[in-house]
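# Close look at the chain arrangement
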Amino acid sequence: MNSVPQHQQLDDDRPSRRIHLRRTMIRRIGLVAAGLSLALFGTGQALAAPTPVHTGAPGCMNAGPAKPNGKQWPAAPGMTINQKASYTASLETNCGTITAKLDAAKAPRTVNSFVFLAGQQFFDHTRCHRLTTEGIFVLQCGDPTGTGRGGPGYKFPDENLAGATYPAGTLAMANAGPNTNGSQFFLVYKNSQLPPNYTPFGHITGGTDVLQNIASGGTRDGSGDGAPATDIILQSVTTHS
């Protein structure tokens, strides 16, 4: 995406596409591989479990290595969801669980893709590779490579952009430009002044404290745009209707 002087922007992390963050000046930041993306994962231990290893965000468990299954598809999945049904998602992270309600009525293709990828365990054991702590306030996930360049092998069109806003709790797609959605998505933890360029397809219903905690840990290099200080991995992402 092109830089917008009055706000930061989310974009692809490929060499010619990155998410732009605004400090005093706009700073580039990648929030997608084929789109912006953000997510979380969590894991817990029971009974006589060893003491958790704490990192940047208090209370998070040691993430361990990211081991996505690496599946790829040549085209977006056919429509299988019921657009009139209510869908929810559960993102299990090493810092806790985040739940969301998905908007199948307003973003059917997006929700259909997300449900499909979750069912294929595509998101499981993937790393949330970027946190922005200035201007746009998002956690980006959904890239199996953890670099901001990965995706599911297909792209699909934007949806639900008319009048789109990104208040805290928004779940939306990252992208590399118009109609380039893939698997990357982002979670907004503080009201974000993004332009209406990123398909909003749900909102957080639980675990806002988990997301806020991750954000409070800051970035690994202390900048306003970078990898989270705490290694954040989506242990599992499941959807339900």
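In this text, all values refer to a predicted model and were calculated from it rather than measured experimentally.

### A look at the confidence of the model for the protein
Per-residue pLDDT for the protein has a mean of 82; in total, 77% of the residues score no lower than 70. Considering only residues more than four positions removed or in separate chains, one finds that residues 1–9, a stretch of pLDDT under 50, has 39 contacts.

### Describing the pattern of salt bridges
In the structure shown here, the tally under the stated rule is three salt bridges. Ionic pairing is found between D231 and R127, a salt bridge with its closest N-O pair at 2.6 Å. In this pair, D231 sits in the loop between β11 (225–226) and β12 (233–240) while R127 sits in strand β5 (residues 126–127), placing the two residues 104 residues apart along the sequence. Accessibility expressed as a relative area gives 22% for D231, which makes it partly exposed. Take R127: its relative accessible area is 26%, and that puts it in the partly exposed class. Close ionic contact of R220 with D231 constitutes a salt bridge, the shortest N to O distance being 4.0 Å. With R220 in the loop between α2 (208–216) and β11 and D231 in the loop between β11 and β12, this residue pair connects regions lying eleven residues apart in the sequence. Among the charged side chains, a salt-bridge network with shared partners connects R127, R220 and D231.

### Looking at the environment of D158
With respect to the secondary-structure elements, D158 resides in the loop between β7 (138–141) and β8 (170–173). Overall, the relative accessible area of 19% leaves D158 in the buried class. Each residue touching D158, except ones within four places of it in the same chain, is listed here: N175, P178, N179, T180, N181 and T199. One polar contact links the side chain of D158 to the main-chain amide nitrogen of N179, over a distance of 2.9 Å. There is a polar contact of 2.9 Å between the side chain of D158 and the side chain of N181.

### Remarks on the state of the cysteines
Within the structure shown, the criterion is met by two disulfides. Here C60 pairs with C95 through a disulfide, and the sulfurs are 2.0 Å apart. Between C60 and C95, the S-S torsion sits near 115°, and that sign places the bridge as right-handed. Taken together, the positions of C60 in the loop between β2 (26–29) and β3 (87–93) and C95 in the loop between β3 and β4 (96–102) put the pair 35 residues apart, joining distant regions of the chain. By the burial criterion, C60 is buried, and C95 matches it. Between the sulfur of C128 and that of C141 lies a disulfide, 2.0 Å long from S to S. Judged by the sign of its S-S torsion, about 105°, the cystine formed by C128 and C141 is right-handed. Linking C128 in the loop between β5 and β6 (130–132) with C141 in strand β7, this pair joins segments that are 13 residues apart in sequence.

### A few points about helix α1 (residues 108–119)
With twelve residues, α1 extends 16 Å between its outermost C-alpha atoms, agreeing within 8% with the 16 Å of an ideal straight helix rising 1.5 Å per residue. Of all twelve residues that make up α1, nine are buried, and the element is covered over most of its length. Along α1, the positions that sit buried rather than exposed are P108, T110, V111, N112, S113, F114, V115, L117 and A118. Buried positions along α1 lie against β3, β4, β8, β9 (185–188), β10 (200–206) and β12.

### So, the side chain of T132
The residue T132 is located in strand β6 in this model. Take T132: its relative accessible area is 0%, and that puts it in the buried class. A distance of 3.2 Å separates the side chain of T132 from the backbone nitrogen of F137, its partner in a polar contact.

### Comments concerning α2
Along α2, the residues classified as buried are V210, L211, N213, I214 and A215. Looking at the buried positions of α2, the neighbouring elements they touch are β3, β4, β6, β7, β9 and β10. Following α2 by one or two positions, G218 has its phi on the positive side, about 70°.

### Observations regarding the nonpolar core
Ranked by size, the top nonpolar core spans 41 residues in total, and within it L102, F123, F185 and F201 carry the most contacts. Apart from residues lying up to four places away in sequence, F201 is in contact with K101, L102, D103, A107, T110, V111, F114, L171, A172, M173 and F185. If you look at the next biggest cluster of nonpolar residues, it comprises ten residues, including V138, A164, A172 and V188.

The rules behind each value
Residues numbered from 1 in each chain as written. Predicted model: local features only at pLDDT ≥ 70, side-chain atom pairs only at ≥ 80, totals over all residues. Heavy atoms only, no water. pLDDT = per-residue confidence, 0-100. Contact = heavy atoms within 4.5 Å. Salt bridge = Lys/Arg side-chain N within 4 Å of Asp/Glu carboxyl O. Helix = DSSP H or I, 4+ residues; strand = E, 2+ residues; numbered from the N terminus. Buried < 20%, exposed > 50% of the residue type's maximum accessible area, 1.4 Å probe, protein only. Polar contact = N/O pair within 3.5 Å; in protein donor to acceptor, adjacent residues only side chain to side chain. Disulfide = S-S within 2.5 Å. Expected span 1.5 Å × (residues − 1). Core = buried A, V, L, I, M, F, W, Y, C linked by side-chain atoms within 4.5 Å.

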